[in-house]
Amino acid sequence: MSKRPFVNRLNNLDPKTWLKFQKSWFLHAPPPRKKGVLRHPAKFPETLAQEFIEFFTKPEQVVLDPMVGTGSTLVAALRSGRNGIGIELNQTYANIAQKSVESERELLGKSAEHLRSQVIQGNASEISSIFSKYHLPLIHYVLTSPPYWDMLHAKGAQTQKKRRSSPELDLQYSEDPEDLGNIQDYDEFLNQLVRIYANIKPYLEHRAYLTVIVKNIKKGGKIFPLAWDLAREMGKTFTLKDEKIWCQDDIRLAPYGLGNAWVSNTFHHYCLQFRNE
Ligand SMILES: C[S@@+](CC[C@H](N)C(=O)[O-])C[C@H]1O[C@@H](n2cnc3c(N)ncnc32)[C@H](O)[C@@H]1O
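Quick notes on the rules
- Here the residue numbers are simple positions, counted from 1 along each chain's written sequence.
- pLDDT decides what is reported in this predicted model: residues at 70 or higher carry local features, side-chain atom pairs at 80 or more are listed and counted, and totals for whole chains, interfaces and linings draw on all residues regardless.
- No hydrogens and no water enter the side-chain calculation; it runs on all heavy atoms of the structure.
- Note on geometry: axes are lines fitted to C-alpha atoms, helical ones only across the stretch in contact, with angles between N-to-C directions running from 0 to 180 degrees.
- The way it works is that DSSP assigns letters per residue, a run of H or I at least four long becomes a helix, a run of E at least two long becomes a strand, and they are numbered from the N terminus.
- Here the word oblique covers every angle except those under 35 degrees (roughly parallel), over 145 (roughly antiparallel) and from 65 to 115 (roughly perpendicular).
- If you view the pair so one helix is near and one far, a crossing is left-handed when the near helix is turned anticlockwise from the far one by less than a right angle, and right-handed when it is turned clockwise.
- Residue contacts follow a heavy-atom distance rule, with two residues in contact if any of their heavy atoms lie within 4.5 Å.
- Here a salt bridge means any side-chain nitrogen of Lys or Arg lying within 4 Å of a carboxyl oxygen belonging to Asp or Glu.
- Here the term buried applies to any residue with accessible area under 20% of the maximum for its type, exposed to any over 50%, and partly exposed to those in between, with areas from a 1.4 Å probe on protein chains only.
- Pairing between two strands is assigned when DSSP locates at least 2 bridges connecting them.
- Note on handedness: a clockwise path from strand one over the helix to strand two, with the strands aimed away from the viewer, defines a right-handed crossover.

Some details on the packing of helix α7 (residues 186–198) against helix α8 (residues 226–234)
Turning to step 1, where the next piece is worked out: Interaxial distance between α7 and α8 falls to 10 Å at its minimum, and their mutual angle equals 45°. Here α7 is positioned oblique relative to α8, judged by the angle of their axes. For the crossing formed where α7 meets α8, the hand is right-handed. For the pair α7 and α8, contact is made by Tyr186, Phe189, Leu190, Leu193, Val194 and Tyr197 and by Leu226, Asp229, Leu230, Glu233 and Met234, respectively.

Shown next as C-alpha cells:
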C-alpha cells in the first residue's frame, strides 16, 4: 500500500521540524541584541519570532503585530519571506523599528524586494481607523507581546536595576496616557488589552492564529495572573488552543524572600495560542 503524501496546509515545514515545534515548552538562545534596539526595555528575540511565524504561516502571507516595539516581528517576517505590519505608539520605537527593517532589507537584497514591511506609529486601541486609513490587507497571523501591565514602573524589578545606571536605556515605554503600560488599575489594563485584540477579529483571515507572549505578574506580594486572565478573556472572542512555555535559563537567580518566604524567580513566559474560528 502506498503511503499517503504529507499535505501541509498551514506552513512549509517538513514533518520533523513541525513535530519539534509542537513541544509545549522551549528554551531559546538568541544572539546578542543589536545596539539600536537595546534602548527598549522588553523586546522578544527576532529568532524566536521567526520560529513562530514559520510555523503559523506560509511564505508571502501577512503578519501583524499591534504593539511592535522595535520591530522584532517585522524583521522576523522579512527573514522568513512574509509580509509584516506593525503598529507602535511610541514614535522613538517606531523609528527604531523602521531602521531595523531597512537594514534587514539591505542584508536580504532582492529576495525581500517584493515584501511589505510597514511600521505605523499609532494607538492599537484605534485599530479600525488604522486599518481603513492605511488600506491594510487581511491578516494571516498575529504575533505580539503587550506591556506586562505597569511592571516597568516597579522600582525593585531586577532588569530595572541594571538599566537605571545606563541613561541611554529606557526604564519604561513612555509617559503617554494611551500607553497601556501606564494604566495603574489591573482590571482596567486587562479590559483595554482584551478589547484591542478582540477588535482585530474583523481583519483576520478565518482560521488564522494569534500568539500572545505574556507573563503572570507579581506585585505587592501577590500574583496577578495576566497570562491566565488573558487566556480566559480572549478565549471569549477566539478559540484558545494552548500554551507554549518559553523557559529562560540564562538569568541570574535573585535571593527574593530568602529564609523568610516563598518568592519564585519567574523565568518563563506563556506564548498563548488562539485561533480565529
Ligand atoms: C512588550 S513591548 C513589545 C516589544 C516588541 N515585541 C519587540 O520585540 O520590540 C510592548 C509595546 O507596546 C507599546 N504600546 C503600549 N501601549 C500601546 C498602544 N496603546 N498602542 C500601540 N503600542 C502600544 C509599547 O510602547 C511597547 O513598545
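A few points about the pattern of salt bridges
If the charged atoms of two oppositely charged side chains come close together, the side chains can form a pair.
Turning to step 1, where the next piece is worked out: Enumeration over the complete set of coordinates arrives at 8 salt bridges.
Turning to step 2, where the next piece is worked out: Across the pair lysine 43 and glutamate 46 runs a salt bridge whose closest N-O atoms are separated by 3.2 Å.
Turning to step 3, where the next piece is worked out: Residue lysine 236 is joined to glutamate 233 by a salt bridge in which the shortest nitrogen-to-oxygen separation is 3.0 Å.
Turning to step 4, where the next piece is worked out: Salt bridges sharing common partners tie together Asp229, Arg232, Glu233 and Lys236.

Examining the pairing of strand β2 (residues 62–65)
Turning to step 1, where the next piece is worked out: Because side chains alternate across β2, one face comprises the buried residues Val62 and Leu64, and the other comprises Val63 and Asp65, equally buried.
Turning to step 2, where the next piece is worked out: Across 4 bridges, the pairing between β2 and strand β3 (residues 83–88) is parallel. Its bridge partner being in β3, valine 62 is matched across the sheet by asparagine 83.
Turning to step 3, where the next piece is worked out: Viewed along the sheet, the connection from β2 through helix α3 (residues 72–79) into β3 turns out right-handed.
Turning to step 4, where the next piece is worked out: Strand direction decides the pairing type here: β2 and strand β5 (residues 139–144), joined by 2 bridges, are parallel. Paired with leucine 64 across the bridge in β5 is valine 142.

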